[in-house]
Amino acid sequence: MSPPKITLYDVPGHTAQPWAPNIWRIRFILNFKRLSYQTVWVEFQDVERTLMHIGAPPSAQRSDGRPIYTLPVIVDSTRSGHQPIILSNTNKIAEYLESAYPARQVFPDGARAVQTLFVHFIQEVFSKPLLPIMVPLSHQQLPERTRDHFRGGPPAALVGPQREQAWQAVKEQFDFLAIIMDKNQGDGDGVVTMGHELTYADFAICSVLIWIERMAPHDGWSRVRTWNGGRWNRLYERCKQWTDEL
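Residues numbered from 1 in each chain as written. Predicted model: local features only at pLDDT ≥ 70, side-chain atom pairs only at ≥ 80, totals over all residues. Heavy atoms only, no water.

1. Here we look at the overall build of the protein chain
Step number 1: A count of helices and strands for the protein chain gives 10 helices and 6 strands.
Step number 2: Its C-alpha radius of gyration of 18 Å places the protein chain within 12% of the 18 Å reference for a compact globule of 246 residues.
Step number 3: Once the C-alpha set of the protein chain is aligned to its principal axes, its extents read approximately 55 × 50 × 40 Å.
Step number 4: Taken over 246 residues, the protein chain has a buried fraction of 47%.
Step number 5: Taking all contacts inside the protein chain whose residues are at least 6 apart in sequence as the whole, residues at least 24 apart take part in 67%.
Step number 6: For the protein chain, the accessible area works out to roughly 12600 Å², and carbon and sulfur atoms hold 53% of it.
Step number 7: Here the protein chain carries 26 positive and 25 negative side-chain charges, and the mean point of each set is 2 Å from the other. (Helix = DSSP H or I, 4+ residues; strand = E, 2+ residues; numbered from the N terminus. Rg over C-alpha atoms; globule rule 2.2 N^0.38 Å. Buried < 20%, exposed > 50% of the residue type's maximum accessible area, 1.4 Å probe, protein only. Contact = heavy atoms within 4.5 Å. Areas by Shrake-Rupley, 256 points an atom, 1.4 Å probe, with all protein chains shown as cover. Lys, Arg positive; Asp, Glu negative; His and termini not counted. Charge placed at Lys NZ, Arg CZ, Asp CG, Glu CD.)

2. Things to note about the pattern of salt bridges
Step number 1: Throughout the structure, instances matching the rule amount to 13 salt bridges.
Step number 2: Two residues, K33 and E98, come together in a salt bridge whose shortest N-O distance is 2.7 Å. On the criterion of sequence distance, the pair formed by K33 in the loop between α1 (21–32) and β2 (37–41) and E98 in helix α3 (residues 90–100) is long-range, its members being 65 residues apart.
Step number 3: Using a relative accessible area of 5% as the deciding quantity, one classes E98 as buried. (Salt bridge = Lys/Arg side-chain N within 4 Å of Asp/Glu carboxyl O.)

3. Considering the nonpolar core
Step number 1: Counting residues in hydrophobic clusters, the biggest one holds 73 residues, and the most contacted among them are L97 and W232.
Step number 2: In terms of residue count, helix α8 (residues 200–215) provides more of this core than any other element does, 12 residues in total. (Core = buried A, V, L, I, M, F, W, Y, C linked by side-chain atoms within 4.5 Å.)

4. A few points about the packing of α1 against α3
Step number 1: At a closest axis distance of 9 Å, the pairing of α1 and α3 adopts a crossing angle of 5°. Between α1 and α3, the interaxial angle falls into the category roughly parallel. From α1, N22, R25, I26, I29 and L30 reach across to α3, where they touch T90, N91, I93, A94 and L97. (Axes fitted to C-alpha atoms, helices over the stretch in contact; angles between N-to-C directions. Parallel < 35°, antiparallel > 145°, perpendicular 65-115°, else oblique.)

5. With respect to the layout of surface pockets
Step number 1: Estimated volume of the largest pocket: approximately 1100 Å³.
Step number 2: Lining the largest pocket are 41 residues, and of these A20, P21, N22, F44 and L71 lie nearest its centre.
Step number 3: Looking at the lining of the largest pocket, the elements with two or more residues in it are α1, α2 (47–54), α3, α4 (112–126), α5 (131–140) and α8.
Step number 4: It is α4 that provides the largest number of residues to the lining of the largest pocket, a total of 6 residues.
Step number 5: Broken down by class, the residue content of the lining of the largest pocket amounts to 22 nonpolar, 14 polar and 5 charged. (1 Å grid on protein atoms, 1.4 Å probe; cavity = no way out; pocket = protein on both sides within 12 Å on 5 of 7 lines; lining within 4 Å. Points joined across faces, edges and corners; volume = space filled by probe spheres on them. Nonpolar A, V, L, I, M, F, W, Y, C, P; charged D, E, K, R; others polar.)

6. Remarks on the packing of α8 against helix α10 (residues 227–240)
Step number 1: One can describe the packing of α8 onto α10 by two numbers: an axis separation of 10 Å at closest approach and a directional angle of 105°. Judged by the angle between their axes, α8 and α10 are roughly perpendicular. Of α10, the residues touching α8 (which contributes D202, F203, I205, C206, L209, I210 and E213) are W232, L235, Y236 and C239.

7. A look at the sheet that holds β2
Step number 1: In space, the 4 strands of this open sheet follow the order β2-β1-β5-β6, with mixed pairing throughout. One side of each edge strand has no neighbouring strand; the edge strands of this open sheet are β2 and β6 (85–88). Strand-to-strand twist in this sheet, taken as the mean axis angle between neighbours without regard to direction, amounts to 20°.
Step number 2: In this structure, strand β1 (residues 6–10) lies alongside strand β5 (residues 73–76), joined through 4 bridges in antiparallel fashion. Each bridged residue has a counterpart across the sheet, and for Y9 the counterpart in β5 is V73.
Step number 3: Packing against the sheet, α1 makes contact with β1, β2 and β5, and its axis sits at approximately 155° to β1.
Step number 4: α3 rests against β5 and β6 of the sheet, and its axis sits at about 140° to β6. (Pairing = 2+ DSSP bridges.)

8. Thoughts on a nonpolar patch on the surface
Step number 1: Taken together, F176, I179 and I180 make up a surface patch of nonpolar side chains, about 270 Å² in accessible area.
Step number 2: Position of F176 relative to the elements: it lies in helix α7 (residues 160–181). (Patch = residues over 30% accessible without salt bridge, like charges linked within 9 Å, V, L, I, M, F, W, Y side chains within 5 Å.)

9. Here's the deal with the environment of L51
Step number 1: By the secondary structure assignment, L51 is in helix α2.
Step number 2: L51 sits in the buried class, given a relative accessible area of 1%.
Step number 3: Spatially, the C-alpha atom of L51 lies 23 Å from that of N31, the residues being 20 residues apart in sequence.
Step number 4: Setting aside residues no more than four positions away along its own chain, L51 makes contact with A56, Y69, T70, L71 and V73.

Structure follows, in structure tokens:
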């Protein structure tokens with residue numbers, strides 16, 4: 001069998017199980033579209049060097065104009081006789097995959113703008129209260145070499161009342177999102193964001209759920225899965241079949 005022609009660059013934890021939510025958004029799309037791909041694992045301290053070596057574009061720029069290199073990155077070598085397509089930035093990759101492989105849509109017709117805005121909300125607003133909890137936990141799960149790379153030691157983990165207050169702030173975001181999604185009652189299945197079919201918006205939410213489930217299975221996922229009448233567990237179960245590579 002010939003090797004996969006799409007390569008996804010991802011960051012490892014202490015095991016080969018993927019965990020980073022922004023990269024999971026791309027994994028979900030690849031799996032949902034049934035595209036064959038391979039994963040190249042790149043530890044944080046090697047990201048810039050590796051991506052510059054393969055000619056990946058920076059995902060952003062610093063205020064002084066210097067490039068910022070982040071994952072995910074994909075390399076698509078499926079087009080025979082053409083140069084590989086190399087892309088960074090999660091949303092740009094998502095839009096490329098939808099255009100290049102239109103079968104099994106993740107952006108419903110006429111909904112790309114709304115989907116993009118929804119995913120921006122998930123990333124920039126909904127997920128923010130999770131950071132004080134999840135970043136220290138994620139740091140603990142990184143390979144030792146990577147942990148040593150981050151000077152100053154691991155971020156301080158929240159404990160006691162501070163931790164409970166942080167989880168309450170997270171729950172407020174989930175409660176708000178549940179209220180918004182409940183507006184689909186009567187027009188959908190009560191689980192996904194648009195009617196009855198999974199879309200990019202659902203994968204954005206499930207990417208956060210996977211992050212919680214893998215990094216905080218007892219203190220985090222055990223809470224979240226019961227919130228809002230078990231809604232988030234039902235959504236996770238809908239997405240679960242698309243968590244395995246082909």
